[in-house]
Amino acid sequence: MQSAVILANNLSKEFITTKKSSGLRGAVKNLFKPEKTVKRAVDHVSFEITKGEIVGYIGPNGAGKSTTIKMMCGILNPTGGNVLINGMSPVNQRQKIVMDLGVVFGQRSQLYWDLPLGESFELLRRIYLVDRAKYEANLAELDRILNVHEFIDTPVRQLSLGQRMRGDLAAAMLHSPSVLFLDEPTIGLDVDVKYAIRKFIKEINEKYQTTVILTTHDLDDIQALCKRIIIINDGIIVSDSPLEELIEQELGHRLLIVELSAGDFHVTHPKAEITPLGSNRLQLKFRKDEISAAALISDISAQYQIRDLQIKEADINDVIRQIYARSKAACL
Amino acid sequence: MKPYLYMIKIKLLLALSYRYEVFITFITQIILLFVSSFFWKAAYKGIDSVAMVNERQMLIYSVISIILGNIFSISVEDSIRQKVRKGNVAVDFLKPVNIFYMYFSEDIGNVVTSVVQQIIPILIVSSLFIVVPAPASAVHFILFLVSVCCSYLIMWLISAIFGLFYFWVIDIGPLGEIKNYMILILSGSFVPVWLFPPIIQKTLVFLPFVYIYQFPISVFIGKTSPMPALTGIAVQAVWILGFGLLFGKIKRHVEKNIMVQGG
Amino acid sequence: MKTLSRYGLMAMTLLKINIQRGLEYPAHLIGWLISNPLQFIFGLITIKVVISNFQALGGWSFEQTVFLYGLGIISHGLSVVLFIQTWYMGFLITEGELDRMLVRPLNVFFQFCFFDFNFIGLTDMLPGIIIFTYGCMAASFQFTLANTLNLLLALVGATALRGGLYTIIGALSFWIQRSRQLIGVQWKLFDYSAKYPMNIYPPIVQGIFTFLLPIGFICFYPASQLLYANAGFALPGNLCLWTFAVGIGFYMLGMMVFKIGLRWYESCGS
Ligand SMILES: Nc1ncnc2c1ncn2[C@@H]1O[C@H](COP(=O)(O)OP(=O)(O)OP(=O)(O)O)[C@@H](O)[C@H]1O
Ligand SMILES: [Mg+2]
């Protein structure tokens, strides 16, 4: 219990919006009888995150990810339930909590647009009361992974998206916070920068035991980083489990693809579903708990000569798509 | 003609949906109206007339000036500025309509809107509480209308020329502001130029400013009689021609540049 | 005490940073340096022309009106430097800047006012001081100890009063999406109230500007006391002290409205 860094308990958020009708008649209508709708963006969400975890918080657009993160860092107050960060509530102890928090919104930069990156860092150093020696050390360390020194003297407005993102990440880590919220940190970035950012997250997590909550639409990020994923859809948590478990339970089967030397074959196997792919390729679909891949391969090679083979891992994209689809169906 | 009429309609609809802004703008105008009327009443206290203009005429002067201020709130300069900033003005230039007609229609739309939303209410409030802004005579009124149209064209062309400047210097910053202050003071929008020292008055005759505010208003209140009014309108026409030519020249230059550099 | 010095240091750093940013656009700077003083010079010309053609307005001579005008510009400049960011609150909220402020361990109002420290306001100060100095000499204002103290009280009060009103109106953008226009109204109001002696208005209007929306205290009442000029109303006590009190009162009111607005934002989002 002690080590729960983040504890969300029935966290809920409702937004009340007035619907604007269009056209002249709509304008008149808005004037006299605005239509109010209640949107439940986050609905009784509970989870517990312990120190040093990297948690992927995923869900389709508009699922309520950003809203949850905003509640966790005190930007929004919950309509119901509560959240504790390091045992404190962001509702009444925001300033204290954010001292130990790093936040990056991928869509928006927190750097000064007209100033060299370094100036923004200097400013943050003063805001978070980091003493100079520690700051220098942190910066050197961050620079090692993110290579920010390349553009530290360039005004932020002249940076490319990837450079800016690296700058933003460094800025969020300057005061070595124990919790890091990353809302779509890899949005719009190329493969190299994505790789650097993943590496960065991994390293700080290993080195400082930083707890990381990461939202993203790039499931490769998840696969590379997160042991645990929480899936939210339409404000409701639909799944919260370790990544492997999730894949296991969603897709019990795996695929083995073999290429045979002989073109003429009649392979059958009681524990696998077989589909031919072209003239001498086969796809075998089997369940891990019924037969091991090794056994299956040896059964086949007893009949025919195998030239090449390949075991296909379950695609996480498929898994997630399946879960989204199912929870959407459940809603209807 | 169709797209331009549509533009006017869109403007009207947009303005109607901003009810709150309309109301706020109206309040600002009313404050302005009352402040100027109290100001002139204080100035005229015990004084019959100054420069052959009496208190009543001066009050009408300030009411009409506020109304003209509404009509002359031209958006072409701002539109271009915004677009240049966001870097999508070239797209506009390459549209199959003349974008300056488009901007002009937009501004005419604004005028129509402000007649409904601001000018009529201002006239009512002014008639009830301050002074009935009646023209000196029917002839004066017609001449006033003609000269206001000319003033509008002058103002619009100046704005459009400033808008074109944004192509050279991405952001001339407060230069537009400076121009606005110059117009406000030198055109007699608040204090008529006839109260200024004679030398300044004589100089200003050769500049376009007084033909924007002071000239039409003094026709309205009868300080300028019909014959000089006609001469004044002729001078306005000359200014329109001058600014029009200048505008055309700059516009051609800008268009050529856009074709070359792609905006 | 420690937090105070921390915020003081922060403010200095931000000032430095913002001057640095301002220098990135020198053309703008020069533009403002011309346009802002121009506006005040034109205001002065208006007063001069009218008073010399007509008469002293509300019993205030040209010299006295210049004093009044200068005093108004100085507190205007100060309030612009310190509080102008409240004008952009609506913009900062829709742009998500507020979210960023909320995740920093600093007072949010402080961040509003100082993160984009606007030293352009200083371009108002310069003409203000020149005009005011001229007004002091022309209206033969005596810099005695008492007068100087009263003047300082009035300036602090007027700046706080303006700041409070700006904040109240700026904070409205927590509730109303487009409150920018209101700022325009307030701007016009202040512009006129500062320029002319308030006793040219009928008593009811002056009453509103004294007891309801006390902009008369910004410079009219203190100036009337300092110059022994006609104040229209005979208010009791030291008017400069009143300005100070009213100013502090409005500043606190502004802070309150801001806090309520912030709480509203936290519960509703933008
Ligand atoms: N300030 C607000 N006012 C009203 N509704 C809001 C507000 N902020 C978010 N919402 C609504 O709440 C829901 C959740 O939004 P949220 O931004 O949390 O989604 P998200 O999971 O981050 O989506 P995305 O992947 O697109 O970023 C959406 O339906 C959105 O329209
Ligand atoms: Mg989001």
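Residues numbered from 1 in each chain as written. Chains lettered and ligands numbered in written order. Predicted model: local features only at pLDDT ≥ 70, side-chain atom pairs only at ≥ 80, totals over all residues. Heavy atoms only, no water.

1. Looking at the environment of Ile-27 of chain B
Residues and elements named next belong to chain B. Inclusion rule: Helix and strand assignments come from DSSP, with helices taken as H or I runs of at least 4 residues and strands as E runs of at least 2, each series counted from the N terminus. Buried, partly exposed and exposed residues are distinguished by accessible area as a fraction of the type maximum, computed with a 1.4 Å probe on protein chains only: under 20%, between the cut-offs, and over 50%, respectively.
Following the sequence through the fold, Ile-27 ends up in helix 2 (residues 19-44). A residue is classified by how much of its surface remains accessible, and Ile-27, at 29% relative accessible area, is partly exposed. The spatial distance from the C-alpha of Ile-27 to the C-alpha of Ile-122 is 9.8 Å, given a sequence separation of 95 residues.

2. Brief notes about the domain arrangement of chain A
For clarity, the cut-off: Domains are outlined according to an automatic or database domain assignment.
For chain A, the assigned domains are domain 1 (4-248) and domain 2 (253-313). Computed from C-alpha atoms alone, the centre-to-centre distance between domain 1 of chain A and domain 2 of chain A is 44 Å.

3. Section: unusual backbone geometry
Residue and element names in this part refer to chain A. In the Ramachandran plot, Asn-147 falls in the positive-phi region, its phi being about 55 degrees despite a non-glycine side chain. Within the fold, Asn-147 resides in the loop between helix 5 (132-146) and helix 6 (161-173). The class for Asn-147 is partly exposed, based on a relative accessible area of 30%.

4. Section: the interface of chain C and chain B
Much of the literature gives interface size as the accessible area that the parts lose upon coming together. Using the following cut-off: The contact criterion used is simple: two residues touch if any of their non-hydrogen atoms lie within 4.5 Å. Two parts lose some accessible area (1.4 Å probe) when they are put together, and adding that loss for both gives the buried area. We define a salt bridge as a side-chain nitrogen of Lys or Arg found within 4 Å of a carboxyl oxygen belonging to Asp or Glu. N or O atoms closer than or at 3.5 Å make up a polar contact, with two conditions inside protein: a donor-capable atom paired with an acceptor-capable one, and, for residues adjacent in sequence, both atoms drawn from side chains.
Contacts between chain C and chain B engage 30 residues on the former and 31 residues on the latter. Interface of chain C and chain B: buried area, both sides summed, is about 3,100 Å²; carbon and sulfur atoms make up 78% of it. Applying the counting rule to chain C against chain B returns zero salt bridges. Our count for the chain C to chain B interface comes out at five residue pairs in polar contact (both at pLDDT 80 or more). Here the side of chain C that touches chain B gets 12 residues from one element, more than from any other, and that element is helix 2 (residues 26-53) of chain C.

5. Details of the pairing of strand 6 (residues 179-183) of chain A
All names here are of chain A. Threshold: Two strands are counted as paired when DSSP detects at least two bridges linking them. With strands facing away from the observer, any crossover in which the path from the first strand over the helix to the second runs clockwise is taken as right-handed.
The element strand 6 is extensively covered by neighbouring structure, given that five of its five residues are classed as buried. Where burial is concerned, the two faces of strand 6 agree: the one with Val-179, Phe-181 and Asp-183 and the one with Leu-180 and Leu-182 are both buried. Inspection of the sheet shows strand 5 (residues 101-105) paired to strand 6 by five bridges, in the parallel sense. Counted as the bridge partner of Gly-102 is Leu-180 from strand 6. By the bridge criterion, five bridges tie strand 6 to strand 7 (residues 211-215) in an arrangement that is parallel. Bridged to Phe-181 within strand 7 is Ile-213. This β-α-β element, strand 6 to helix 7 (residues 191-208) to strand 7, shows right-handed connectivity.

6. Details of empty space enclosed by the protein
Worth spelling out the cut-off: A pocket, in this scheme, is an open set of points on a 1 Å grid over the protein atoms alone with protein on both sides within 12 Å along at least 5 of 7 lines, while a cavity is a set where a 1.4 Å probe fits but cannot get out; residues line either one if an atom lies within 4 Å of a point. Grid points are joined across faces, edges and corners, and a volume is the space filled by probe spheres set on the points. Put simply, Ala, Val, Leu, Ile, Met, Phe, Trp, Tyr, Cys and Pro go in the nonpolar bin, Asp, Glu, Lys and Arg in the charged bin, and everything else, Gly too, in the polar bin.
Inspection of the entire model under this criterion finds three cavities of 30 Å³ or more. Every residue lining the largest cavity is listed: Val-103, Val-104, Phe-105, Arg-108, Ser-109, Gln-110 and Asp-168 of chain A together with Arg-100 and Val-103 of chain C. Per-element tally for the lining of the largest cavity: the top contributor is strand 5 of chain A, with three residues. When its residues are assigned to classes, the lining of the largest cavity shows four nonpolar, two polar and three charged. Within this model, the second largest cavity holds a volume of roughly 60 Å³. Of all the secondary structure elements, the ones that give two or more residues to the lining of the second largest cavity are strand 5 and helix 6 of chain A. The biggest single contributor to the lining of the second largest cavity is strand 5 of chain A, with three residues. Class assignment for the residues of the lining of the second largest cavity results in seven nonpolar, three polar and no charged.

7. Let's talk about the confidence of the model for chain B
All names here are of chain B. Which entries qualify depends on this criterion: What pLDDT conveys is the predictor's confidence in a given residue, as a value from 0 to 100.
Per-residue pLDDT for chain B has a mean of 86; in total, 86% of the residues score no lower than 70. Looking across chain B, the model is least confident in helix 5 (residues 89-93), with a mean pLDDT of 66, and most confident in helix 10 (residues 214-220), with 96. The complex prediction reports pTM at 0.80, with the ipTM value standing at 0.83.

8. As for the packing of aromatic side chains
How we decide: Two aromatic rings from Phe, Tyr or Trp, using only the six-membered ring of Trp, form a pair when their centres are within 6.5 Å; if the ring planes differ by under 30 degrees the pair is stacked, by over 60 it is edge-to-face, and anything between is tilted. Definition used: whenever NZ (Lys) or CZ (Arg) falls within 6 Å of the ring centre and also within 35 degrees of the ring normal, the charge is taken to sit over that ring.
All chains considered together, the criterion is met by 44 aromatic pairs over all chains. Each member of the aromatic cluster is reached from another via a ring pair, and the members are Phe-72, Phe-100, Tyr-103, Phe-104, Tyr-152, Trp-156, Tyr-213 and Phe-247 of chain B. A cation sits over an aromatic face here: Arg-125 of chain A above Tyr-135 of chain A, 5.7 Å from the ring centre. Against the face of Trp-194 of chain B rests Lys-223 of chain B, its NZ or CZ located 4.6 Å from the ring centre.

9. Remarks on the site of ligand 1
Worth spelling out the cut-off: Summary of the distance rule: residues count as near a molecule or strand when at least one heavy atom falls within 4 Å of that molecule or strand.
The full set close to ligand 1 counts 16 residues, and Gly-62, Lys-65, Ser-66, Thr-67 and His-217 of chain A are the nearest of them. Ligand 1 is flanked by residues contributed from chains A and C. In this structure, an oxygen atom belonging to ligand 1 sits 2.7 Å away from a side-chain N or O atom of Lys-65 of chain A. Elements supplying a minimum of two residues to the shell around ligand 1: strand 1 (4-19), strand 2 (35-50) and helix 2 (65-72) of chain A. Ranked by the residues each element gives to the shell around ligand 1, the list is headed by helix 2 of chain A, at three residues.

10. Topic: the sheet that holds strand 4 (residues 80-85) of chain A
All names here are of chain A. We count it as follows: Only C-alpha atoms enter the line fits that serve as axes; for helices the fit covers just the stretch in contact. Angles between N-to-C directions range over 0 to 180 degrees.
In spatial order, the strands read 2-1-4; together these three strands make up an open sheet with antiparallel pairing. Single-partner strands in this sheet number two, and they are strand 2 and strand 4. Shown here is a sheet whose adjacent strand axes are inclined to one another by a mean of 25 degrees, direction ignored. Of the strand pairs in this sheet, strand 1 and strand 2 are connected by 12 bridges, and their pairing is antiparallel. Looking at strand 2, one finds that Ile-16 is bridged to Val-38. In this fold helix 2 packs onto strand 1, strand 2 and strand 4, with an angle of close to 120 degrees to the strand it touches most, strand 1.

11. Things to note about the nonpolar core
To keep it simple, the criterion reads: Among buried residues, those of type Ala, Val, Leu, Ile, Met, Phe, Trp, Tyr and Cys that are joined through side-chain atoms within 4.5 Å constitute a nonpolar core.
With 262 residues, the main nonpolar core has Ile-6, Phe-121 and Phe-181 of chain A, Trp-40 and Phe-100 of chain B together with Leu-98 of chain C as its most contacted residues. The leading source of residues in this core is helix 7 (residues 138-168) of chain B, at 15 residues. Ranked by size, the runner-up nonpolar core spans 13 residues in total, among them Phe-265, Ala-272, Leu-282 and Ala-293 of chain A.

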